[in-house]
Amino acid sequence: MQMPFSLKHKHNSFNCLTYKPHGEHWSEDVLLLSDLHFDNPHCDRDLLKKHLDQAVDRNAAIIVAGDFYCAMQGKGDLRGNKEDIRPEHNVGNYLDSLVTEAVEWWQPYKHHLAIIGRGNHEQSVLDRKEVDLLGNFAA
């Protein structure tokens, strides 16, 4: 399926999403998400899947503005609470497990996922643990 947009990497900190107009009154659907905290047990994955499936059906771009991950339950994270961890992430390689599971879960949506912005949760992991969760997810 041809995507109605193109994405160009402009700089380390931003990309450019471009649509080519088609007709005088053209429109395109875009799913804009933020603060998913995808790995948190409180993330309503059924509702998220419903919205993502609708985006695919409409051939829409998916944009996550920030905080794709919660990522607060790792060793030494003062914000962490072990009650807020999904069982599949309660492992020794916690941060790796977040990425591995997200890559698998998001597979059906990968061609529509246009932009994922770095939120304060991902930035905190990068600053404190030197792990780029979003870079690893996108790799």
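This text follows the structure it describes.
Residues numbered from 1 in each chain as written. Predicted model: local features only at pLDDT ≥ 70, side-chain atom pairs only at ≥ 80, totals over all residues. Heavy atoms only, no water.

A.B. asks: So what's going on with the sheet that holds strand E3 (residues 30-33)? Residues and values would help.
C.D. replies: Strand order across the open sheet formed by three strands is E3-E4-E5, with parallel pairing between neighbours. Each having just a single partner strand, E3 and strand E5 (113-116) make up the two edges of the open sheet. Neighbour-to-neighbour, the strand axes of the sheet open up by a mean angle of 15 degrees, direction not taken into account. Here three bridges tie strand E4 (residues 61-64) to E5, and the two strands are oriented parallel to one another. Counterpart to Val64 in the pairing with E5 is Ile116. The strands that helix H1 (residues 45-57) touches are E3 and E4; relative to E3, the one it contacts most, it runs at about 150 degrees. (Pairing = 2+ DSSP bridges. Helix = DSSP H or I, 4+ residues; strand = E, 2+ residues; numbered from the N terminus. Axes fitted to C-alpha atoms, helices over the stretch in contact; angles between N-to-C directions. Contact = heavy atoms within 4.5 Å.)

A.B. asks: Give me the lowdown on the environment of Pro87, citing residues and values where you can.
C.D. replies: Considering the arrangement of structural elements, one finds Pro87 in the loop between E4 and helix H2 (94-105). The exposed category is assigned to Pro87, whose relative accessible area is 69%. (Buried < 20%, exposed > 50% of the residue type's maximum accessible area, 1.4 Å probe, protein only.)

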